[in-house]
Amino acid sequence: MDDTPREPRADDDAAAPGAASSRLLDELRQLGGALKHLFGAQWRLFRAELSLARGAVSLLFAVALAATVVGVGFGLTVLALIGVALAKWFGSWLWALAVLALLQGVLLVVAIVLFRRGLHWLSLPATRGEFGAMMRDVAGKARRADDATAAATVDPTRNAPP
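Calculation rules
Residues numbered from 1 in each chain as written. Predicted model: local features only at pLDDT ≥ 70, side-chain atom pairs only at ≥ 80, totals over all residues. Heavy atoms only, no water. Helix = DSSP H or I, 4+ residues; strand = E, 2+ residues; numbered from the N terminus. Buried < 20%, exposed > 50% of the residue type's maximum accessible area, 1.4 Å probe, protein only. Salt bridge = Lys/Arg side-chain N within 4 Å of Asp/Glu carboxyl O. Patch = residues over 30% accessible without salt bridge, like charges linked within 9 Å, V, L, I, M, F, W, Y side chains within 5 Å. Areas by Shrake-Rupley, 256 points an atom, 1.4 Å probe, with all protein chains shown as cover. Phe/Tyr/Trp six-rings, centres within 6.5 Å; stacked < 30°, edge-to-face > 60°. Expected span 1.5 Å × (residues − 1). Polar contact = N/O pair within 3.5 Å; in protein donor to acceptor, adjacent residues only side chain to side chain. pLDDT = per-residue confidence, 0-100.

Trainee: For the overall build of the protein, give the residues involved together with the corresponding values.
Mentor: What the protein contains, in helices and strands, is three helices and zero strands. Counting helices and strands in the order they occur from the N terminus, the protein gives α-α-α. Relative to its 162 residues, the protein shows a buried fraction of 4%.

Quick look at the structure:
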């Protein structure tokens, strides 16, 4: 028989799980710190992009407002120049303003007709058919994705035999 004491070996076995659990806890702490660092960096990047986008939207609104004001001013200036030219040509401000009003009315009617024509083109059967086919395709893809998700998350206890 072997007379070697077995107690030191029991201590090694007791120390080994403690060391393993300590090492595991250290690795879990390191993993938690790394995830916190990663998600913290992602969060900071997201906030920076969001603040840039917010600034860009404000700038776009300001520029759009300035473009609208300048465009209206330019239009009024062109109308005034046309009015002055018509007044010189007709020799009367009354006739110049009447012709200018008629010109603006004609341009308004042309714009309305073109807008209605565009709406008509949108409602043509070929366009509706293409739109319907696209919507059916998207709906089919969504149904297949839902079916795949439902099949993956089936509750095994619900279909269990009695």
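Trainee: Run through the pattern of salt bridges, naming residues and quoting values.
Mentor: Counting across every chain of the model gives two salt bridges. We note a salt bridge from Asp137 to Lys141, for which the minimum N-O separation is 3.8 Å. Of this pair, Asp137 and Lys141 are both found in helix α3 (residues 125-152), four residues apart, which corresponds to roughly one turn of the helix. Of the residues examined, Asp137 reaches a relative accessible area of 40% and is grouped as partly exposed.

Trainee: So what about a nonpolar patch on the surface? Which residues, and what values?
Mentor: A cluster of nonpolar side chains, Leu24, Leu25, Leu28, Leu31, Leu35, Leu38 and Phe39, forms an exposed patch at the surface whose accessible area comes to about 670 Å². Relative to the helices and strands, Phe39 is located in helix α1 (residues 7-90). Since its relative accessible area comes to 54%, Phe39 is described here as exposed.

Trainee: Talk me through the packing of aromatic side chains; I want residue IDs and the actual numbers.
Mentor: By the definition in use, this model includes two aromatic pairs. Judged by centre distance (5.6 Å) and plane angle (35 degrees), the rings of Trp43 and Phe46 are tilted. Of this pair, Trp43 and Phe46 both sit in helix α1, three residues apart, which is roughly one turn of the helix.

Trainee: Describe helix α2 (residues 93-122), naming the residues involved and giving the relevant values.
Mentor: Taking 1.5 Å of rise per residue, the 30 residues of α2 would be expected to cover 44 Å, and the 43 Å separating its terminal C-alpha atoms lies within 8% of that figure. Its side-chain oxygen placed 3.3 Å from the backbone nitrogen of Leu94, Ser92 serves as the N-cap of α2.

Trainee: Outline the confidence of the model for the protein, supporting the account with residue identities and numerical values.
Mentor: The pLDDT averaged across the protein works out to 82; a share of 81% of its residues lies at or above 70. At the low end of the mean pLDDT range in the protein sits α3, at 82; at the high end sits α2, at 92.

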